[in-house]
Amino acid sequence: GINAEYGQRLVDGTQSLLWDQGGWEKRYPGRQVPPYSNAQLLLSVAPRAKILVITRDPVERLYSDYLYFNQGLTASPQHFHTAAEQEIARFTSCLSARSLTSCCHDSHNNPTLRLNLGIYICFIREWVRVFPDQILVVTLEQYSSHPFPTLLKIFSFLELDSPDTNKLGKLLTYSKTSNERTKKAKKKGDMLPQTRNMLREFYSPYNSELAWLLKDTRFLYKYGK
């Protein structure tokens, strides 16, 4: 939110605000979709809010998420493949009877293999609808490969003064990457090639919808094609 009178800005970095409405079925039994969205709630209390969303290749995001939530002995590329197959089958079955929005917000989605969170269109579409002129979506890959221009774009979007370019350059040069994969997780190895192909096939149509909505082909995550 922005308080123009005092030049103050309130910042909230809760990632799950983008998607999380867990437990809504118990509060509203009999419904297939939540009666309101987090975007609508935020609009009611902060109508001038600026929404910044950073997405990551959903395939790589899912494996990283899996390693974070499955740090025991069972975690492995083979276990990930089996779990991903099962979750894709479960989600596809859900879609045969319910809408995409309903399936994405289903509280029974696997909490340790959050396949639904990579279907960005399911959540971002609503934020764009509610805050059409107050939302900026960038990719993590965009920031990683071009951090300087990406940060300048974010500063401009948030109506912040442009930073000192020399200081910003030093900050980008010497700052450490946060939330890196642990040594233990790295020892698990990369996902299997067949798993990556399977997940790319699953996410591809949703990536296309997001790219169309945002009019930006970077969200296609072309997967080397």
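Here's a quick rundown of the structure. Source: prediction; values computed, not measured. (Residues numbered from 1 in each chain as written. Predicted model: local features only at pLDDT ≥ 70, side-chain atom pairs only at ≥ 80, totals over all residues. Heavy atoms only, no water.)

1. Some points on the overall build of the chain
Across its full length, the chain holds 11 helices and four strands. A globule of 225 residues ought to have a C-alpha radius of gyration of about 17 Å, and the chain, at 19 Å, matches this closely. Summarising its shape, the C-alpha atoms of the chain cover approximately 50 × 45 × 35 Å along the three principal directions. Expressed as a percentage of the 225 residues in the chain, the buried residues total 37%. When contacts within the chain are restricted to residue pairs at least 6 apart in sequence, long-range pairs at least 24 apart make up 68% of them. Split by element, the accessible area of the chain, about 13700 Å² in all, is 54% carbon and sulfur. On the chain, the mean spot of the 29 positive side-chain charges and the mean spot of the 21 negative ones are 4 Å from each other. (Helix = DSSP H or I, 4+ residues; strand = E, 2+ residues; numbered from the N terminus. Rg over C-alpha atoms; globule rule 2.2 N^0.38 Å. Buried < 20%, exposed > 50% of the residue type's maximum accessible area, 1.4 Å probe, protein only. Contact = heavy atoms within 4.5 Å. Areas by Shrake-Rupley, 256 points an atom, 1.4 Å probe, with all protein chains shown as cover. Lys, Arg positive; Asp, Glu negative; His and termini not counted. Charge placed at Lys NZ, Arg CZ, Asp CG, Glu CD.)

2. Examining the pattern of salt bridges
One pass over the full model with this rule turns up 10 salt bridges. Between K50 and E159 there is a salt bridge, and its shortest N-O distance comes to 3.1 Å. One end of the pair, K50, is in the loop between helix 2 (38-45) and strand 3 (51-55); the other, E159, is in the loop between helix 8 (147-157) and helix 9 (165-174), with 109 residues separating them in the sequence. By relative accessible area, K50 is classed as partly exposed at 25%. Where R129 meets E126, a salt bridge forms, and the shortest distance between an N and an O atom there is 2.9 Å. (Salt bridge = Lys/Arg side-chain N within 4 Å of Asp/Glu carboxyl O.)

3. Section: the environment of P163
Inspection of the secondary structure puts P163 in the loop between helix 8 and helix 9. With 12 residues separating them along the chain, P163 and L151 place their C-alpha atoms 9.4 Å apart. Ignoring any residue separated from it by four or fewer positions in sequence, one finds P163 in contact with L152, F155 and L168.

4. Comments concerning the packing of helix 3 (residues 58-69) against helix 4 (residues 77-95)
Relative orientation of the contacting elements helix 3 and helix 4 amounts to 115 degrees, with a least axis distance of 11 Å. For the element pair helix 3 / helix 4, the angle class is roughly perpendicular. Relative to helix 4, the crossing made by helix 3 is right-handed. In contact with L62, Y63 and Y66 of helix 3, helix 4 contributes P77, H79 and F80. (Axes fitted to C-alpha atoms, helices over the stretch in contact; angles between N-to-C directions. Parallel < 35°, antiparallel > 145°, perpendicular 65-115°, else oblique. Left-handed = near helix turned anticlockwise from the far one by under 90°.)

5. A closer look at the state of the cysteines
Enumeration according to the criterion identifies one disulfide in this entry. Here C94 pairs with C103 through a disulfide, and the sulfurs are 2.1 Å apart. Sign of the S-S torsion, about -100 degrees for the bond between C94 and C103, identifies this disulfide as left-handed. The exposure classification of C94 matches that of C103, with both residues buried. (Disulfide = S-S within 2.5 Å.)

6. As for the side chain of R61
The topology assignment puts R61 in helix 3. Setting aside anything within four residues of it in sequence, one finds R61 in contact with R56, R114, L117, G118 and Y120.

7. Some details on unusual backbone geometry
Within the chain, E159 stands out as a residue other than glycine whose phi angle is a positive 60 degrees. Its relative accessible area of 46% is what places E159 among the partly exposed residues.

8. Comments concerning helix 6 (residues 120-130)
The α-helix winds at 3.6 residues per turn, so residues separated by three or four positions along the chain end up facing the same way. For helix 6, a buried count of eight out of 11 residues is recorded, marking the element as mostly surrounded by other parts of the structure. Those residues of helix 6 not exposed but buried are Y120, I121, C122, F123, I124, W127, V128 and V130. The secondary structure elements touched by the buried residues of helix 6 are helix 2, strand 3, helix 3, helix 5 (100-104), strand 4 (135-139) and helix 11 (193-214).

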